[in-house]
Amino acid sequence: MKVLITGGAGFIGSHLCRRLLQQGDEVYCLDIFYSSARANIADLEENSRFHFLERDIEEPLDLEVDRIYNLACPASPVHYQKDPVKTARTSVLGAINMLELARKNHCRILQTSTSEIYGDPLVHPQKESYWGNVNTIGLRSCYDEGKRMSETLFFDYHRQYGVDIRVVRIFNTYGPYMAENDGRVVSNFIVEALQGKDITIYGDGSQTRSFCYVDDTVEGLMKMMEQDYTGPVNIGNPDERTIAQLAEMIIRLTGSSSRIVYRGLPADDPVRRKPDISLAKEKLNWAPHTSLEEGLRKTIAYFRERSL
Ligand code: UDP
């Protein structure tokens with residue numbers, strides 16, 4: 001199959017490119033390196049079935065493909081808040097352009113939505129039927145509302161034009177190929193621990209997240225693409241941890257002498273997050289199987305290799 005992956009040079013995108021090439025697909029990777037890196041795909045560029053397009057999804061695209069995975073969007077708060085208008089444009093105009101491409105090609109398109117659409121959730125764990133608790137005018141809104149609008153566009157293109165859509169909501173994912181300056185908690189803590197710098201917890205560290213190893217996430221995306229249910233379906237690991245627990249675990253696994261220091265909590269930082277994945281189990285026969293400790297060991301090894 002000819003598969004387009006927008007954001008294909010990003011953290012999750014580059015893993016997906018690799019997996020699809022391994023199964024014999026022809027991969028079109030579109031990216032502008034806004035928060036990604038050419039180094040993530042350097043090993044793929046020799047492959048004759050890999051094609052790189054340096055293009056912004058804000059611009060319409062004409063390409064013959066059989067499948068579209070729409071991943072392009074900065075996803076770390078630090079990156080998506082740097083140019084919030086661009087983040088909103090990427091989400092909304094990007095979704096429209098890719099949906100138009102799917103409509104023209106009569107092909108299936110998968111949207112990678114996010115647990116952020118639940119905002120600071122009042123329901124725990126989060127099920128797909130929960131509508132969320134989102135600030136429309138805060139610092140995270142460009143991403144949260146952009147991603148919410150993308151979901152709306154996907155379902156309207158489906159109802160109005162019969163586009164064959166799939167929507168997944170990805171919860172916190174980590175693993176090799178995260179950028180060193182990604183700004184998210186797992187990479188920040190690992191980099192700080194390996195460099196013997198202070199580990200910075202925002203707030204008191206009692207807020208929770210549930211971390212999914214990237215191989216599990218990518219398998220979830222691929223299963224979602226090749227089954228009949230449109231979604232939305234949560235893809236994440238329900239193993240909920242406090243940020244303080246995560247810091248302690250990373251210090252232990254790296255053998256670091258770093259100290260933990262505390263800084264103010266960013267605005268609208270969700271207090272708790274944990275996916276309910278019963279729908280993914282039922283519809284996709286999917287569940288993550290990498291434990292946090294195993295996944296962190298692999299991620300630490302990756303950052304170590306980069307001699308941090
Ligand atoms: N966080 C932290 N130290 C860091 C980076 C993040 O304590 O160096 C906290 C952050 O405030 C949030 C959690 O870790 O409560 C997860 O943050 P991240 O940016 O990874 O993802 P998101 O908030 O989008 O889930």
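To be clear, the structure that these remarks concern was listed above.
Remember, predicted model here, so these are calculated numbers, not experimental data.

**Some words on the site of the ligand**
At step 1: By nearness alone, 18 residues border the ligand, and Val 185, Tyr 202, Arg 209, Asp 269 and Arg 273 come closest of all.
At step 2: Here an oxygen atom of the ligand sits 2.9 Å away from a polar atom, N or O, in the side chain of Arg 140.
At step 3: The contact in question runs from a nitrogen atom of the ligand to an N or O atom on the backbone of Thr 200, over 2.8 Å.
At step 4: Look at the ligand: alone it shows 510 Å² of surface, and the protein chains cover 96% of it.
At step 5: Of all the secondary structure elements, the ones that give two or more residues to the shell around the ligand are α5 (185-194) and β8 (199-202).

**With respect to the packing of aromatic side chains**
At step 1: Scanning the model with the defined rule gives nine aromatic pairs in all.
At step 2: On the basis of an interplanar angle of 40 degrees and a centroid distance of 6.1 Å, the ring pair of Tyr 118 and Phe 171 is categorised as tilted. On the criterion of sequence distance, the pair formed by Tyr 118 in the loop between β5 (108-114) and α4 (141-161) and Phe 171 in the loop between β6 (165-170) and β7 (173-174) is long-range, its members being 53 residues apart. An identical accessibility class is assigned to Tyr 118 and Phe 171; each is buried.
At step 3: Pairing Tyr 174 with Phe 211 gives two aromatic rings, centres 6.5 Å apart and planes at 85 degrees, and the pair type is edge-to-face. Of this pair, Tyr 174 sits in strand β7 while Phe 211 sits in the loop between β9 (208-210) and β10 (212-213), placing them 37 residues apart in sequence.
At step 4: The exposure class of Tyr 174 is buried, given its relative accessible area of 0%.
At step 5: Taking the relative accessible area as the measure of exposure, Phe 211 reaches 3% and is therefore buried.
At step 6: Taken together, the ring pairs in this structure connect Tyr 118, Tyr 130 and Phe 171 into an aromatic cluster.
At step 7: Taking the ring centre of Tyr 34 as reference, the NZ or CZ of Lys 82 above it sits at 5.3 Å.
At step 8: If you follow Arg 103 out to its NZ or CZ, it ends over the ring of Tyr 161, 3.6 Å from the centre.

**Some remarks on helix α3 (residues 84-105)**
At step 1: For α3, spanning 22 residues, the distance from its first C-alpha to its last is 31 Å, which sits close to the expected 32 Å at 1.5 Å a residue.
At step 2: In the structure, α3 departs most strongly from a straight axis at Gly 94, where the bend amounts to approximately 25 degrees.
At step 3: Among the residues making up α3, those that are buried are Lys 86, Thr 87, Thr 90, Ser 91, Gly 94, Ala 95, Asn 97, Met 98, Leu 99, Leu 101 and Ala 102.
At step 4: Here the buried face of α3 lies against β1 (2-6), β4 (67-70), α2 (77-80), β5, α4 and β6.

**Topic: the side chain of Asp 31**
At step 1: Take Asp 31: it is sitting in the loop between β2 (26-30) and β3 (50-53).
At step 2: Arg 38 provides the closest opposite charge to the buried, unpaired Asp 31, separated from it by 9.5 Å.
At step 3: Separated by 2.8 Å, the side chain of Asp 31 and the backbone nitrogen of Phe 33 make a polar contact.
At step 4: Side chain to side chain, Asp 31 and Ser 36 meet in a polar contact 2.7 Å long.

**Quick notes on the sheet that holds β5**
At step 1: On the basis of which strands lie adjacent, the open sheet formed by seven strands has the order β3-β2-β1-β4-β5-β6-β11 and parallel pairing. Every other strand in the sheet has two partners, leaving β3 and β11 (233-235) as the edge strands with one partner each. Across the sheet, the mean angle from the axis of one strand to that of its neighbour is 20 degrees, orientation sign disregarded.
At step 2: Sheet topology note: the β2/β3 ladder contains four bridges and is parallel. Across the sheet, residue Val 27 finds its bridge partner in β3, namely Phe 50.
At step 3: Docked against the sheet, helix α1 (residues 11-22) engages β1, β2, β3, β4 and β6, running at close to 170 degrees with respect to β1.

Reading guide: rules and limits
Residues numbered from 1 in each chain as written. Predicted model: local features only at pLDDT ≥ 70, side-chain atom pairs only at ≥ 80, totals over all residues. Heavy atoms only, no water. Near = heavy atom within 4 Å. Polar contact = N/O pair within 3.5 Å; in protein donor to acceptor, adjacent residues only side chain to side chain. Areas by Shrake-Rupley, 256 points an atom, 1.4 Å probe, with all protein chains shown as cover. Helix = DSSP H or I, 4+ residues; strand = E, 2+ residues; numbered from the N terminus. Phe/Tyr/Trp six-rings, centres within 6.5 Å; stacked < 30°, edge-to-face > 60°. Buried < 20%, exposed > 50% of the residue type's maximum accessible area, 1.4 Å probe, protein only. Lys NZ or Arg CZ within 6 Å of the ring centre and 35° of its normal. Expected span 1.5 Å × (residues − 1). Bend = angle between axes of the 7 residues up to and from the residue. Contact = heavy atoms within 4.5 Å. Lys, Arg positive; Asp, Glu negative; His and termini not counted. Salt bridge = Lys/Arg side-chain N within 4 Å of Asp/Glu carboxyl O. Pairing = 2+ DSSP bridges. Axes fitted to C-alpha atoms, helices over the stretch in contact; angles between N-to-C directions.

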